[in-house]
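This is what each chain is made of:
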Amino acid sequence: MSEKEFGQKWDRCLADCAVKFGTGLGLGIVFSVVFFKRRTWPIVFGTGLGLGMAYSNCQNDLRSRYVLHSKVAKEQ
Amino acid sequence: MEGRDLAGEKFRKFPHTNAANPCLLRCFYQCVCGKVKAHPLQLCRRYSTAGDSGSTAGKIVAASLLTVGGGLGGTILYAKWDPKFRANVEKSVPYSDQLFEMALGPPPPPLVTLQKKPGKIEPLQISSLSEASKESKQPKAKAKKSDPAPVEAPAAVEEAPAPTPQTLKEASAEAAHIISAIGEVPSVPAPGTSDESPPGHTAADEECKDHHEPVLKERPAEEVTARLAQQDKAEQDALAALTAGLEESLGSTAKTTLQAIGAQEAALTAIAAHTNKLKEAMDSQTPPDEKSSQWKALNEALSERTRAMEEAEEALLKAKGELENLSGVINSSKQSKINTARPQILAAEENLHSMIVDLDKVVTKVQTAQTEAKIVSQYSELVNEAKAQFQQELANITPEIQANWKRLSGKLSADDLNSLIAHAHRRIDQLNRELAEQRVREQIHIEVALEQQKLEDQKALERAVVSALEHSREDMRLEQEKKAQEVREVMEAEMRTQLRRQAAAHTDHLRDVLKVQEQELREEAQEILNSKMMEQETHYRRLTQEQLDTFTLDMNAAYARLKGIEEAIDSHVIAEEEARKAHQLWLSVEALNYTLKSAGADFPTEPLEGAVGVIKENCAGNEFAQALATAIPEESLSRGIYSEASLRARFFDIRRLARRVALIDETRNSLYQYFLSYLQSVLLFEREQVAPPAKLAPEDLDTFKLLAYANYSIERGDLELAAKFVNQLRGESQRVAQDWLKEARLTLETKQVISLLSAYANAVGLGTTQAP
């Protein structure tokens, strides 16, 4: 069902967001712990990166219908 | 100041204002005082204009009243003059008829156009003309009546012995008609003549009848012969009667005449005898005793004579009467005009004549005898007279002896004798003297006597001449008659021959004409026969044809009926077949309908394949049903369809979702837009259900509105309309509602097809299943 699709997308989106957020956070923490002397900026950066990616993914996912695909026709 | 100027203006404008108007006065004072303000002036103005307006209102009212009254009066007057206008006004204005009735009285009755006087004049004229023609006919008829008399003879002459069945009188009438018509006014109309001619005819006929003697009509041969025979017989009878009468009368007349003649002759002889006896007695030579016997005989003779005379007279009278009878009979027989009796009549006439002649002769004889006897009697009278005188003288002389004169000789005295002788001598002398005188006068006497005798003779002669003349005339007449009779007979014979000749010619002519006529008539009859035969034939043919036609018609009708019955039966069979099929179809459709009901809340119905397959089987020959069955979408066949309720339930979700993504479309589809649209959906307050308008305007194509309309429709069960509205969604909302729309479409399609099928099945069932 097309209505469910939207919900599914949102589910995916949220799940992706959560994942990316957690991943970003973790990586940030890791990076901040490992490489950047427990500064907060890599956490934030990582989270932000994660959220951003999630946002972008979500957006792309939601936009996917409207994106035009083109192919380069092979010359024969 | 302003107020003052205004006041002045006011005065200039309305010089005739009512000074008694208090407000105006106040205004004036105020104006003069100059303490006036605009407001009270305005009031004043208002008042003054009110006052002025009162007068102007009055004027206006008066003027309007005048106009209205004038209009009414004019209308009434004109309506009085023109009723049509009144009628119009009464028609158009509601209560004007009452007003008019009040003012003018009831409306005049509608004028009826005077119709032309019916054309009675013309028939009257015609009738008068006919009457005039009739009148003109009357004198014509009258003239015709007078004309036939003189026209008879020429008409009789004119008529040729033509074999036309016209009678003589008709021909004469026609001639009279023509002659009178030529003489009459020619203005008499033609058709009248034919009508009038028969009455004129009959009038002329009657006249002709009056003038004609027994009419010579031409009749058929047998009738003619019969008539002729009858006529002959009649003639014969008449003749016989006539002859008998004649003979009888002749006989009787002859008898009486003979008797008369005999009587006359007897009288004659008696007269003669008497005269002789008288003469003898006069002679007085006989002795006296014979004298008495003589006188006796004389008396006897005289009596006999008288008797004979009387007898003769009687007989003569009788004979004369008989003769007159006979002559009467002869005249009547002459008038009867029977030619064959003519000789008899002639003979009778001759007999009569001879009898008359004889009678006359005898009568003359008797008359002469009578004259002689008269003479003798005169003589005897004279003698007797003388004797008487003598006796008287003697008696005078010898009075005493006068009684005894008979016995004279012995008884007479001498004186007596002497006186007697003297007287005798004297008497003798006297007688001698008388004799001498007589002798002298003899001549004269003789002459006188002769004259007398001559006269008498002349008279007698005349009588005789007359009688002789009459007799001769009679003789001549008889001779003439005899001659005429002979000539007549000759002529009759000749006429008979001529007539015979004419009759022969006539018969020849008749024969010819009859031949010709026979020919003509035969041809005519033949023609008529032929035509009649043709008629009969055609009639017969027509009848037979008609019979054939009717028979053919009946046969055709029967055949057609038979065919009709067969067809009806076949169609009935077909119809029953159809009915059965329709039943089956209907049943299968019902089954399909039933399968629709098997849809649950969230799951679709059973696949409709089976039911549709059954339908397809059942209506294998029905194209419409087949088409419909194939028109059912595949999805419904394979998967089934959702029920309306489930779709409705689903719609709420759709609606919610669509509202949330209302702002998203191709251009705006970032997350931020998503957020905004979500915010919009949360913050937008609207009615959930809005009745959709009849026509969608462009501003109605807003998502929310559309969803509201669709919600309204679906709540009222109109899935189709809801689907239509949902179809108008654009962008993400559309994509979200896509599946729902698809399902809705599917359901709607299938439902439509099924409803069509069921309607069709119902219709077919209704059409085919008719009560047996």
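Residues numbered from 1 in each chain as written. Chains lettered and ligands numbered in written order. Predicted model: local features only at pLDDT ≥ 70, side-chain atom pairs only at ≥ 80, totals over all residues. Heavy atoms only, no water.

**A word on the overall build of chain B**
- Along its length, chain B carries 21 helices and zero strands.
- Looking at the 772 residues of chain B, the share that counts as buried comes to 26%.
- Sequence-distant contacts, at least 24 apart, represent 69% of the contacts inside chain B between residues at least 6 apart.
- Within the structure as shown, chain B displays about 52,100 Å² of accessible surface, and the carbon and sulfur contribution to it stands at 58%. (Helix = DSSP H or I, 4+ residues; strand = E, 2+ residues; numbered from the N terminus. Buried < 20%, exposed > 50% of the residue type's maximum accessible area, 1.4 Å probe, protein only. Contact = heavy atoms within 4.5 Å. Areas by Shrake-Rupley, 256 points an atom, 1.4 Å probe, with all protein chains shown as cover.)

**Regarding the overall build of chain A**
- Across its full length, chain A holds two helices and zero strands.
- Residues counted as buried form 26% of the 76 residues belonging to chain A.
- Long-range pairs, those at least 24 residues apart, make up 57% of the contacts in chain A between residues at least 6 apart in sequence.
- Element-wise, carbon and sulfur atoms account for 65% of the exposed surface of chain A, whose accessible area totals about 5,600 Å².

**Section: the packing of helix H19 (residues 703–715) of chain B against helix H20 (residues 719–727) of chain B**
Residues and elements named next belong to chain B.
- Close contact between H19 and H20 brings their axes to 7 Å; oriented N to C, the two are set at 170°. Viewed along their axes, H19 and H20 adopt a mutual orientation that is roughly antiparallel. Where H19 abuts H20, its residues Leu706, Tyr709, Ala710, Ser713 and Ile714 lie against Leu719, Leu721, Ala722, Phe725 and Val726.
- Residue composition of the contact of H19 with H20, by class: nine nonpolar, one polar and no charged. (Axes fitted to C-alpha atoms, helices over the stretch in contact; angles between N-to-C directions. Parallel < 35°, antiparallel > 145°, perpendicular 65-115°, else oblique. Nonpolar A, V, L, I, M, F, W, Y, C, P; charged D, E, K, R; others polar.)

**Focus: a negative patch on the surface**
- The grouping of Glu520, Glu523, Glu524 and Glu527 of chain B at the surface amounts to a negative patch.
- Here Glu527 of chain B lies in helix H13 (residues 414–596). (Patch = residues over 30% accessible without salt bridge, like charges linked within 9 Å, V, L, I, M, F, W, Y side chains within 5 Å. Salt bridge = Lys/Arg side-chain N within 4 Å of Asp/Glu carboxyl O. Lys, Arg positive; Asp, Glu negative; His and termini not counted. Charge placed at Lys NZ, Arg CZ, Asp CG, Glu CD.)

**Brief notes about the nonpolar core**
Residue and element names in this part refer to chain B.
- If you look at the biggest cluster of nonpolar residues, it comprises 28 residues, and the most contacted ones within it are Leu246, Ile271, Leu326, Ile330 and Leu359.
- Of all the elements in the fold, those that place two or more residues in this core are helix H10 (221–283), helix H11 (288–336) and helix H12 (342–397).
- Leaving out residues up to four positions away in the same chain, Leu246 has contacts with Gly251, Leu326, Val329, Ile330, Ser333, Gln344, Ile345 and Ala348.
- One finds Ala582, Leu585, Val589 and Ala629 within the second-largest nonpolar core, a separate group that totals 23 residues. (Core = buried A, V, L, I, M, F, W, Y, C linked by side-chain atoms within 4.5 Å.)

**Some words on the side chain of Ser713 of chain B**
Residue and element names in this part refer to chain B.
- In this structure, Ser713 sits in helix H19.
- The buried category is assigned to Ser713, whose relative accessible area is 2%.
- Other than its neighbours up to four places away in sequence, Ser713 contacts Pro692, Asp718, Leu721, Ala722 and Phe725.

**Considerations on the UniProt feature "transmembrane region" (unreviewed entry) in chain A**
- Using the residue numbers shown here, the UniProt feature "transmembrane region" (unreviewed entry) corresponds to residues 12–35 and 41–58 of chain A.
- Taken as a whole, residues 41–58 of chain A contains 100% helix and 0% strand, while its terminal C-alpha atoms sit 24 Å from one another. (UniProt positions renumbered as here; feature names shortened; annotations may be inferred.)

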